[in-house]
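One letter stands for each residue in the lines below.
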Amino acid sequence: QVQLQESGPGLVKPSQTLSLTCTVSGGSITTSYYAWSWIRQPPGKGREWMGVIAYDGSTYYSPSLKSRTSISRDTSKNQFSLQLSSVTPEDTAVYYCAAGADWGQGTQVTVSS
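Being a predicted model, the structure only gives us computed values, none of them experimental.

Bringing the sheet that holds strand S3 (residues 18-25) into the picture now. With respect to topology, four strands assemble into an open sheet ordered S1-S3-S8-S7, the strand pairing being antiparallel. Because the sheet does not close on itself, it has two edges, and the strands there are strand S1 (3-7) and strand S7 (69-74). Along the sheet, successive strands turn relative to each other by an average axial angle of 20 degrees, direction set aside. Two strands pair when backbone bridges link them, and S3 and strand S8 (residues 79-84) are joined in this way by six bridges, in the antiparallel orientation. When the sheet's bridge partners are listed, Ser19 is paired in S8 with Gln83.

Dropping the structure here:
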């Protein structure tokens with residue numbers, strides 16, 4: 001079991017880039033057992049898987065978000081990050097990082113001018 005904690009700005013302006021970081025403890029992001037995901041849940045809607053970075057750094061993205069999404073990692077800090085570009089109010093959601101059944105508590109991001 002690992003612990004995950006999201007961090008980043010709670011408010012982003014339209015057309016800007018949303019950037020979030022997930023800090024992992026209790027396990028290494030380079031361990032092959034885990035894949036490290038970003039998921040979001042807009043208000044009143046279901047959860048949406050955004051993408052994942054594997055233990056070897058390879059990435060996979062949701063086709064619907066691929067053109068705007070980038071997931072990277074900092075192995076020295078045991079962190080992985082999400083960048084979502086050209087945001088609109090429709091990107092307002094609670095954003096979660098997760099590894100299998102282990103999830104962070106989520107962080108609210110609002111896109112508004």
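This is not the end of the story, as more comes after the structure.
Turning next to the packing of aromatic side chains. Overall, the coordinates contain four aromatic pairs when judged by the stated rule. Relative to Trp36, the ring of Tyr34 lies with its centre 5.2 Å away and its plane at 40 degrees, an arrangement referred to as tilted. For the pair Tyr34 and Trp36, one class covers both residues: buried. A ring pair is formed by Tyr96 and Trp103, whose centres lie 5.5 Å apart and whose planes are at 70 degrees; its orientation type is edge-to-face. Classification of Trp103 by relative accessible area gives partly exposed; the value is 32%.

Core analysis: the largest hydrophobic core is formed by 25 residues, its most contacted members being Leu4, Leu18, Trp36, Trp38, Phe80 and Tyr95. At the level of elements, S3, strand S4 (35-41), strand S5 (48-54), S8, strand S9 (93-99) and strand S11 (107-111) are the ones that each hand at least two residues to this core.

Below, the discussion takes up the state of the cysteines. Think of a disulfide as a covalent bridge from one cysteine sulfur atom to another cysteine sulfur atom. Per the stated rule, a full pass over the model turns up one disulfide. Each sulfur of the disulfide joining Cys22 and Cys97 lies 2.1 Å from the other. The disulfide joining Cys22 to Cys97 has a torsion of about 65 degrees about its S-S bond and is therefore right-handed. With Cys22 in strand S3 and Cys97 in strand S9, this pair connects stretches of sequence that are 75 residues apart.

Here is what the cut-offs are and how they apply
Residues numbered from 1 in each chain as written. Predicted model: local features only at pLDDT ≥ 70, side-chain atom pairs only at ≥ 80, totals over all residues. Heavy atoms only, no water. Pairing = 2+ DSSP bridges. Helix = DSSP H or I, 4+ residues; strand = E, 2+ residues; numbered from the N terminus. Axes fitted to C-alpha atoms, helices over the stretch in contact; angles between N-to-C directions. Phe/Tyr/Trp six-rings, centres within 6.5 Å; stacked < 30°, edge-to-face > 60°. Buried < 20%, exposed > 50% of the residue type's maximum accessible area, 1.4 Å probe, protein only. Core = buried A, V, L, I, M, F, W, Y, C linked by side-chain atoms within 4.5 Å. Disulfide = S-S within 2.5 Å.

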